Amino acid sequence: MEVILKDGVRKKYEQPMAIIDIAKDISEGLARMACAAELDGEVVDLRTEIDGEHQLNILTFDSEGGKAAYRHTASHVLAQAVKRLYPEAKCAIGPSIEDGFYYDFDMESLDREALDKIEKEIKKVIKEGAVLERFTLPRAEAIAFMKEREEPYKVELIEDLPEDAEISFYRQGEFVDLCAGPHLMTTKPLKAVKLISSSGAYWRGNEKNKMLTRIYGTAFTKKADLDAYLEHLEDIKKRDHNKLGRELELFTTVDVIGQGLPLLMPKGVQIIQTLQRWIEDEEEKRGYMRTKTPLMAKSDLYKISGHWEHYKEGMFVLGDEEKDKEVFALRPMTCPFQYYVYKASQKSYRDLPCRYGETSTLFRNEDSGEMHGLTRVRQFTISEGHLIVRPDQMISEFKDCIALARYCLQTLGVEEDVTYHLSKWDADNREKYIGEPEVWEETEASIRQILEELDIPFTEDIGEAAFYGPKVDINAKNVYGKEDTMITIQWDALLAEQFDMYYIDEKGDKVRPYIIHRTSMGCYERTLAWLIEKYAGAFPTWLSPEQVRVLPISEKYIDYAAKVEDELKANGIRCSLDNRSEKIGYKIREARLQKTPYMLVVGQKEEEDGVVSVRSRFRGDEGQQSLEHFINDICKEIRTKEIRQVELEAEA
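This report concerns the structure included in the present document. Keep in mind it's a predicted model, so treat the numbers as computed, not measured. (Residues numbered from 1 in each chain as written. Predicted model: local features only at pLDDT ≥ 70, side-chain atom pairs only at ≥ 80, totals over all residues. Heavy atoms only, no water.)

## Description of the layout of surface pockets
The volume enclosed by the second largest pocket comes to roughly 1400 Å³. Lining the second largest pocket are 48 residues, and of these Tyr 311, Arg 364, Lys 471, Thr 488 and Gln 490 sit closest to its centre. Element by element, the count of residues in the lining of the second largest pocket is highest for strand β27 (residues 483-492), at seven residues. The residue makeup of the lining of the second largest pocket, split by class, is 15 nonpolar, 16 polar and 17 charged. (1 Å grid on protein atoms, 1.4 Å probe; cavity = no way out; pocket = protein on both sides within 12 Å on 5 of 7 lines; lining within 4 Å. Points joined across faces, edges and corners; volume = space filled by probe spheres on them. Helix = DSSP H or I, 4+ residues; strand = E, 2+ residues; numbered from the N terminus. Nonpolar A, V, L, I, M, F, W, Y, C, P; charged D, E, K, R; others polar.)

## Re empty space enclosed by the protein
Evaluation of the coordinates by the stated rule reveals four cavities of 30 Å³ or more. Computed from the structure, the largest cavity encloses a volume of approximately 100 Å³. In terms of lining residues, the largest cavity is bounded by Leu 248, Leu 250, Lys 267, Gly 537, Phe 539, Ser 544, Pro 545, Glu 546, Gln 594, Lys 595 and Thr 596. The class makeup of the residues in the lining of the largest cavity is four nonpolar, four polar and three charged. Size it by volume and the second largest cavity reaches roughly 80 Å³. In terms of lining residues, the second largest cavity is bounded by His 241, Thr 375, Ala 476, Lys 477, Asn 478, Asp 484, Met 486, Arg 526, Ala 529, Trp 530 and Glu 533. Elements with a minimum of two residues in the lining of the second largest cavity: β26 (471-477), β27 and α16 (524-535). Among the elements that take part in the lining of the second largest cavity, α16 stands out by supplying four residues, more than any other.

## Observations regarding the pattern of salt bridges
When the charged atoms of two side chains lie near each other, side chains of opposite charge can form a pair. One pass over the structure, following the stated rule, counts 50 salt bridges. One salt bridge in this structure joins Glu 119 and Arg 112, with 3.3 Å as the shortest N-O distance. Overall, Glu 119 belongs to the buried group, its relative accessible area being 12%. Among the charged side chains, a salt-bridge network with shared partners connects Arg 84, Glu 121, Lys 124, Glu 128 and Glu 174. (Salt bridge = Lys/Arg side-chain N within 4 Å of Asp/Glu carboxyl O. Buried < 20%, exposed > 50% of the residue type's maximum accessible area, 1.4 Å probe, protein only.)

## What to know about the sheet that holds strand β20 (residues 317-318)
What the three strands build is an open sheet, ordered β19-β21-β20; its pairing is antiparallel. Of all strands in the sheet, those bounded by a partner on one side alone are β19 (296-298) and β20. Pairing of β19 with strand β21 (residues 328-330) involves three bridges; the strand directions are antiparallel. Looking at β21, one finds that Lys 298 is bridged to Phe 328. (Pairing = 2+ DSSP bridges.)

## Regarding the nonpolar core
In terms of nonpolar packing, the biggest core is built from 70 residues, with Leu 275, Phe 398, Leu 412, Val 548, Leu 568, Leu 600 and Phe 630 touching the most fellow members. For this core, the element with the most residues is helix α13 (residues 394-412), which contributes nine residues. Among the nonpolar cores identified, the runner-up in size contains 40 residues, and Leu 110, Ile 122, Phe 175 and Leu 195 belong to it. (Core = buried A, V, L, I, M, F, W, Y, C linked by side-chain atoms within 4.5 Å.)

## Considering the sheet that holds strand β30 (residues 514-523)
The strand order across the open sheet formed by eight strands is β18-β22-β23-β30-β27-β26-β24-β25, and the pairing between neighbours is mixed. The open sheet terminates on both sides in strands that have one partner only, identified here as β18 (289-290) and β25 (458-462). As paired elements, β26 and β27 share seven bridges and run antiparallel to each other. Within the sheet, the bridge partner assigned to Ala 476 lies in β27 and is Asp 484. Against the sheet, helix α9 (residues 266-285) touches β18, β22 (354-363), β23 (379-389) and β30, its axis set at about 150 degrees to β30. (Contact = heavy atoms within 4.5 Å. Axes fitted to C-alpha atoms, helices over the stretch in contact; angles between N-to-C directions.)

## A word on helix α17 (residues 558-570)
An ideal rise of 1.5 Å per residue puts 18 Å on 13 residues; α17 measures up with 18 Å between its terminal C-alpha atoms. Every buried residue of α17 is accounted for by Tyr 560, Ala 561, Val 564, Glu 565 and Leu 568. Looking down the long axis of α17, one finds its buried residues gathered within 145 degrees of arc, a one-sided arrangement. Away from the buried face of α17 by more than 90 degrees, exposed residues Asp 559, Lys 563 and Ala 570 are located. Elements that come into contact with the buried residues of α17 comprise β31 (548-552), β32 (575-577), β33 (598-602), α19 (604-609), β34 (611-616) and α20 (627-639). (Expected span 1.5 Å × (residues − 1). Arc of directions from axis to C-beta.)

## Describing unusual backbone geometry
Cis peptide bonds are those with omega within 30 degrees of zero, and the linkage from Gly 181 to Pro 182 qualifies with 0 degrees. Mapping Pro 182 onto the fold places it in the loop between β13 (175-178) and β14 (192-202). Backbone torsion omega between Leu 352 and Pro 353 reads 5 degrees, so that peptide bond is classified as cis. Examined against the element boundaries, Pro 353 turns out to sit in the loop between α12 (335-343) and β22. Positive phi, close to 55 degrees, is recorded for Glu 150, a residue that is not glycine.

## Digging into helix α7 (residues 223-239)
Along its 17 residues, α7 runs 24 Å from first to last C-alpha, staying within 8% of the 24 Å computed at 1.5 Å per residue. Buried within α7 we find Leu 226, Tyr 229, Leu 233 and Ile 236. Viewed end-on, α7 has its buried residues packed into an arc of 65 degrees, placing them on one side of the element. The exposed residues of α7 that point more than 90 degrees off its buried face are Ala 224, Glu 231 and Lys 238. Residues of α7 that are buried sit in contact with β14 and β15 (211-220).

## Re the side chain of Arg 331
Along the polypeptide, Arg 331 turns up in the loop between β21 and α12. There is a polar contact of 3.0 Å between the side chain of Arg 331 and the backbone oxygen of Pro 294. Setting aside chain neighbours within four positions, we find Arg 331 in contact with Thr 293, Pro 294, Leu 295, Met 296, Tyr 302, Phe 337, Glu 358, Ser 360, Thr 361, Leu 362 and Phe 363. (Polar contact = N/O pair within 3.5 Å; in protein donor to acceptor, adjacent residues only side chain to side chain.)

## Thoughts on a nonpolar patch on the surface
Where nonpolar side chains cluster on the molecular surface, the patch consists of Val 254, Val 256, Ile 257 and Leu 263 and spans about 340 Å² of accessible area. Mapped onto the fold, Val 254 is located in the loop between β16 (251-252) and β17 (263-264). By relative accessible area, which is 31% here, Val 254 ends up partly exposed. (Patch = residues over 30% accessible without salt bridge, like charges linked within 9 Å, V, L, I, M, F, W, Y side chains within 5 Å. Areas by Shrake-Rupley, 256 points an atom, 1.4 Å probe, with all protein chains shown as cover.)

## Thoughts on the environment of Tyr 514
Relative to the helices and strands, Tyr 514 is located in strand β30. Judged by relative accessible area, which is 21%, Tyr 514 ranks as partly exposed. Considering only alpha carbons, one finds Tyr 514 and Ile 388, 126 residues apart in sequence, at a separation of 5.9 Å. Among all residues touching Tyr 514, those that are not within four sequence positions of it are Leu 387, Ile 388, Val 389, Pro 391, Met 394, Glu 442, Trp 491, Asp 492 and Ala 493.

Have a look at this one:
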């Protein structure tokens, strides 16, 4: 037997060997740190016995595969501790995830005190240092084994496996779990384990199933790393748009209005209005024509587009096809509406491209379990657009759409936070899509070439295309690591046929155009959530709902402060006057908590000299300036959409 290690070194052995023994042969230190192994590109258990010739890489906690095995073992230890303290609890699933692990149980909900109690039991389990033993059973025996242990969720999982499947289990002490692995050899290497939180989770993610109790945790090899992670979690809590957006009075939600239907408050509306005006002006510069189309349409429209067949479950339908003469639906997209704007008059090849833009309010019937703040809602507004182009214009127009998206990302200061994805169709799921395979292959190849020419790194995601065409998805993660699509640019070579769209070419013939479906900045609500978390509520000055707060140091200087406020407003600066009879230190702290970029403090000296004392969240006390100088500076900052860096953390 021969293994080829990561560094190219070859090691030969006389007989088959378990990977853990090979690790010991290489180095006792490596074996102690080993969590799993990569065998011919696949992550496997250290217990795996191998023969023949293989590529082998021993994985420690420093690798993703090693972390996953380490934390997966921690999830089993959690389950063992829970079963000791709550014997009636039923185990569901307990995988490792990006930053830790979780385990779902059918049991009562848990508070922090209960989690702390479980943590203490986890430490006892680890100290016992039980060896993890892997064994397998035929499917029928595995079902009987788990029925005997009264674990109905495990039985259901096994019953979903093929009849001839051999089912693997891991035993540690008295605890046995259905699991494919891989795992550590023993519980001893587990060091810094922390339970983070507990929440509800539907069994198998289906809201029709029972709500289980999910316990989240994480594990590290060093306490210092755990402490750093916990500090990171505290920062996340401060940035969470769901919490911060409410504290800053940007939005709220009300149960009697409905889930996924947030109320934007004046400050939140101010930010979205600023974004909307900017986007609409920018699109106009780039040749877009604005439309305004209905919020609903008859089902006939969606049947032509294919949405009725492929997307009806995600729509809000008004009426019953069996009872009502006409059935309507709130629109989940604007494209078919804009097609009829195009079709209202005959177009020649000289008229193309037609670039239509609309600030579109859309409605999608998202599952209740998917609702989250402003990122996943049932009514939202997007910077939507559709370009009807000649086939020879498609490449350049598609590139221009990407350029517009990148400009928006750069201006918002988030370009480095996104990833690009070529979302492709799934050839094994044909009923989900329209069109022939050759059309899909050609359009996907064109997008791939565009991204490569623009030198944009991207990944390819099978099955993520729209039903009518592939697309570029520009994604970003929220503070909790969940990825959402922020901007989409879709290539459509099919729907023009369904809507009988055409133009007259230079020969006088009717020709089908191509269509680009795109957003320039995406969903306004989701973008607002993104920006809240990106800037922890301290928005760039041009976006801040309040850009300046004028603070008189006593009531004697309110008249001068009011003149300063009037001059600021006359120059289009969003400002307010704090004329409360509070101490100036209190007023400054209040303005800081509201993330106001600039404070202008005025008193006797400022009034006598006709100046203002400037305090900012960027440099703290910036000294006295003439009001004219300050206005010129801030107007330039707003006009150029500058993103100033915070130099004093205390002022952030």
